[in-house]
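Coordinates in review
Each chain is listed here by its residues.
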Amino acid sequence: MGCGHKDDKASLASSQIASFSHQPHQPPSTPASKEVWKKGGRMFSILLAVHLALLACTLVSSGAFEKIAVHDYDVFFLLTVMMLIVIIWIIFYLVGTSRCPDAILCKDSHAGPIWLRGGLILFAIFSLVMDVFKIGYYSSFYSCLSAIKIIYPIVQAIFVVVQTYFLWISAKDCVHVHLNVTRCGLMLTLTTNLAVWMSAVTDESVHKAHSKLKKNTTEEIFKWLLKAGMRSSSAEECNCNSQICQIFKNGYFWLYPFNIEYSLFASAMVYVMWKNVGRFIDHHSHHIQRLKFRLFQRTFFVGIMLGLIILVSGLGVLILYEVQVNSSTESSKKSQALTMYYIFNIVCLGLMSLVCIGGSVIYRFDKRDMDRHKNPTRTLDVALLMGAALGQYAISYYSIVAIVASTPRDAISALNLTYALLMIAQHTFQNIFIIEGLHRQPPKEDHKHNSHQKDLYGLTFVNINAVSLRVPDSGSTLAPSTASGTEAIHPSDLVRSLTVPKKMNWRRKFLREISMFLLLSNIILWIMPAFGARPQFDNDTELNFYGDSMWPAIVDICLPFGIFYRMHAVASLLEVYIMS
């Protein structure tokens, strides 16, 4: 990516940047032909991404069925090639932009916030551990496997390291050289992450289906079912009898949720970079707010403590659920586990719904202005929240129809119905609260009051009253006259500067408490389905109503979106907390 050749729009960079200095309050003017070509370049990259995504989706879905002559190593070969191309392009991008001084003329301060990049690194670490477990598992019987089964996790580990570094340093870039090549490269990166996500979700679903089937059948019947029509991994045909092999196998399946979230986080950040390609930012309207993350300041600790109670209680419920449902064949144990799971979630979802309604009411009294500036990151956040919630909406509505139409109804059915209704309500109220918070301006510090407070540090109210007695009411001031360049301060202003901020902070404190409680609650609601607590497969009402083939397919398609919604809500709530 050299500096000698640039796209037509990039060639106008110097003149457009110069226009900022002469006309600071007007955005740079772009000719209509350039705007049309910009849209044409975006459309070409979108078409490339759509075709690659459809190809990957076809192979991944075909590889999940035995009767289709597409094997898992065919899917791994395609993903390996895509990841290698993305690695080469990222290196090309980093080297090219570092050598060209005009490649990145401005940065989007809203893109790639530190908490989002920190979450990406956390998921990347667990993804690397998963790849190590995969390599160890497949290496245990490499003689009876295709070489691509071992090559794939190695390439994926390299891909995770390179992409994480790329997103850490380049997430805020607004690139202005080789716009079309950059757009296509970013769309290829986004499609690769989505393809890896689809492969991981399919592999995890097939593994859970095999585990459930193997638990309920004998070894001979299980092997016969695999031959009859269910897809089995090529590794199933090899013997994994050693203890270390079993540890590797169970370990990397437990780490799949982190790899799934990593792919989705990376896809969201890459999309924002794609939107910022060729973008010019007017820094006069795009003001950078220096917000500080104060976790233990300006808070009553109520939200944190209540959220920690929910989190710890949820972990206990998850452990008991796994032990009683997955490790026991008694129907009474299963009913107790489902009852405990539904009661915990009903309490948690009910509290979250009430808290979200309270937060929305507080926003009605908030004096902060709405932020109406162009912000691709916020637009994507809102779209992902609304889109990912559709997965849980679908599962809930399917459950409601099955419960209402089925007979007889027992206590578990009543709890399941309440759980489904509260899930819909909680998603709706939480989306309203988060979207309200994302569209609020950050709190602006009153510099006049701050300067007064600094001058009055250590001054007691007795001193202020004494000063006010000495100063006549005609408007005399404590400070020198305004002619000296400093602002005059009246004693009544001094008292007001100390008392007003304390009266105005209660809204921000309550919003912080609400945000922290919702954040911790969403974490446990992400952990429970991501690590095996899925009552949709253990409750017989939906299975009997929709059948053993339709209902698992609905859950397998919709549940990953519901899981992603929780983790994306955590990131959005953290931003709302910091903005409050």
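Residues numbered from 1 in each chain as written. Predicted model: local features only at pLDDT ≥ 70, side-chain atom pairs only at ≥ 80, totals over all residues. Heavy atoms only, no water.

As annotated in an unreviewed UniProt entry, the protein chain is OTOP2 protein from Ciconia maguari. According to the UniProt record, the Subcellular location (unreviewed entry) comment for the protein chain reads "Cell membrane". Looking at the protein chain in UniProt, the text filed under Sequence similarities (unreviewed entry) is "Belongs to the otopetrin family." (UniProt positions renumbered as here; feature names shortened; annotations may be inferred.)

**Details of the overall build of the protein chain**
If you tally the helices and strands in the protein chain, you get 20 helices and 2 strands. Sorting the 580 residues of the protein chain into buried and exposed places 50% on the buried side. Within the protein chain, residue pairs in contact and separated by at least 24 positions form 88% of the contacts whose partners lie at least 6 positions apart. (Helix = DSSP H or I, 4+ residues; strand = E, 2+ residues; numbered from the N terminus. Buried < 20%, exposed > 50% of the residue type's maximum accessible area, 1.4 Å probe, protein only. Contact = heavy atoms within 4.5 Å.)

**A word on the environment of Ser 515**
Secondary-structure assignment places Ser 515 in helix α17 (residues 506-530). Each C-alpha atom of the pair Ser 515 and Tyr 577 lies 5.5 Å from the other, and the pair is 62 residues apart in sequence. Non-local contacts of Ser 515, meaning those with residues more than four positions away in its chain, are made with Phe 433, Leu 573, Val 576 and Tyr 577. A distance of 2.8 Å separates a polar atom in the side chain of Ser 515 from the backbone oxygen of Leu 511. (Polar contact = N/O pair within 3.5 Å; in protein donor to acceptor, adjacent residues only side chain to side chain.)

**A few points about helix α12 (residues 376-405)**
End to end, α12 covers 44 Å across 30 residues, agreeing with the expected 44 Å (1.5 Å per residue, within 8%). Along its length, α12 shows its largest kink, about 25 degrees, at Gly 391. (Expected span 1.5 Å × (residues − 1). Bend = angle between axes of the 7 residues up to and from the residue.)

**Some details on the packing of aromatic side chains**
Evaluation of the coordinates by the stated rule reveals 29 aromatic pairs. Measuring from centroid to centroid gives 5.6 Å for Tyr 137 and Tyr 252, while their planes differ by 45 degrees, and the two rings are tilted. Pair noted here: Tyr 137 is in helix α4 (residues 114-139) and Tyr 252 is in helix α8 (residues 243-254), with a separation of 115 residues, a long-range link. Here the two residues Tyr 137 and Tyr 252 agree in accessibility, since each one is buried. Grouped by ring-pair contacts, the aromatic residues Phe 123, Phe 126, Trp 254, Phe 258, Phe 265, Trp 526 and Phe 531 constitute a single cluster. Against the face of Tyr 577 rests Arg 512, its NZ or CZ located 4.8 Å from the ring centre. (Phe/Tyr/Trp six-rings, centres within 6.5 Å; stacked < 30°, edge-to-face > 60°. Lys NZ or Arg CZ within 6 Å of the ring centre and 35° of its normal.)

**A word on the packing of helix α9 (residues 256-275) against α12**
The relative placement of two packed helices comes down to the angle between their axes together with the axis-to-axis distance. Where α9 meets α12, the closest approach of the two axes is 9 Å, and the angle between their N-to-C directions is 135 degrees. Our classification of the angle between α9 and α12 gives oblique. Seen along the crossing, α9 lies across α12 with a hand that is right-handed. When α9 is examined against α12, the residues Ala 268, Tyr 271, Val 272 and Lys 275 are found in contact with a partner set consisting of Pro 376, Thr 377, Leu 380 and Leu 384. Here the contact of α9 with α12 is composed, by residue class, of 6 nonpolar, 1 polar and 1 charged. (Axes fitted to C-alpha atoms, helices over the stretch in contact; angles between N-to-C directions. Parallel < 35°, antiparallel > 145°, perpendicular 65-115°, else oblique. Left-handed = near helix turned anticlockwise from the far one by under 90°. Nonpolar A, V, L, I, M, F, W, Y, C, P; charged D, E, K, R; others polar.)

**Describing a nonpolar patch on the surface**
Where nonpolar side chains cluster on the molecular surface, the patch consists of Ile 114, Ile 121, Ile 125, Val 129, Tyr 165, Trp 168 and Ile 169 and spans about 610 Å² of accessible area. Counting residues per element, the nonpolar patch draws most heavily on α4, which supplies 4 residues. Owing to a relative accessible area of 34%, Trp 168 belongs among the partly exposed residues under this scheme. (Patch = residues over 30% accessible without salt bridge, like charges linked within 9 Å, V, L, I, M, F, W, Y side chains within 5 Å. Areas by Shrake-Rupley, 256 points an atom, 1.4 Å probe, with all protein chains shown as cover. Salt bridge = Lys/Arg side-chain N within 4 Å of Asp/Glu carboxyl O.)

**A word on the nonpolar core**
Ranked by size, the top nonpolar core spans 137 residues in total, and within it Phe 166, Phe 433 and Trp 526 carry the most contacts. Top contributing element to this core by residue count: helix α20 (residues 550-579), with 17 residues. If you count residues domain by domain, this core takes at least three from each of domain 1 (41-224 + 241-290) and domain 2 (294-442 + 504-579). Not counting residues within four places of it along the chain, the set of residues in contact with Phe 166 comprises Trp 89, Ile 90, Tyr 93, Leu 94, Ala 171, Leu 186 and Met 273. (Core = buried A, V, L, I, M, F, W, Y, C linked by side-chain atoms within 4.5 Å. Domains from an automatic or database assignment.)

**Quick look at the packing of helix α11 (residues 331-364) against helix α13 (residues 411-438)**
At a minimum axis distance of 8 Å, the contact between α11 and α13 shows a crossing angle of 30 degrees. As the angle between them shows, α11 and α13 are arranged roughly parallel. For α11 against α13, the interelement crossing comes out left-handed. Of the residues in the contact of α11 with α13, the class split is 19 nonpolar, 12 polar and 2 charged.

**Structural notes on the side chain of Ser 170**
Examined against the element boundaries, Ser 170 turns out to sit in helix α5 (residues 148-170). In this structure Ser 170 comes out as buried when scored by relative accessible area, which is 2%. Discounting residues that sit within four places of it in the chain, Ser 170 has contacts with Tyr 93, Leu 94 and Met 273.

**Here we look at the pattern of salt bridges**
Tallied over the full model, the rule gives 2 salt bridges. A salt bridge links Lys 107 to Asp 173, with the nearest nitrogen and oxygen atoms 2.5 Å apart. Of this pair, Lys 107 sits in strand β1 (residues 104-107) while Asp 173 sits in strand β2 (residues 173-175), and the two are 66 residues apart along the sequence. By relative accessible area, which is 2% here, Asp 173 ends up buried. Here Glu 436 and Arg 364 are joined by a salt bridge, their closest N and O atoms 2.8 Å apart. In this pair, Glu 436 is assigned in helix α13 and Arg 364 in helix α11, connecting sequence segments 72 residues apart. The buried category is assigned to Glu 436, whose relative accessible area is 14%. Arg 364 gets classed as exposed once you look at its relative accessible area, which sits at 54%.

**What to know about the side chain of Thr 192**
Position of Thr 192 among the secondary structure elements: in helix α6 (residues 179-216). By relative accessible area, Thr 192 is classed as buried at 0%. If we ignore the near neighbours within four places in the chain, the residues touching Thr 192 are Met 82, Met 83, Val 86 and Phe 159.

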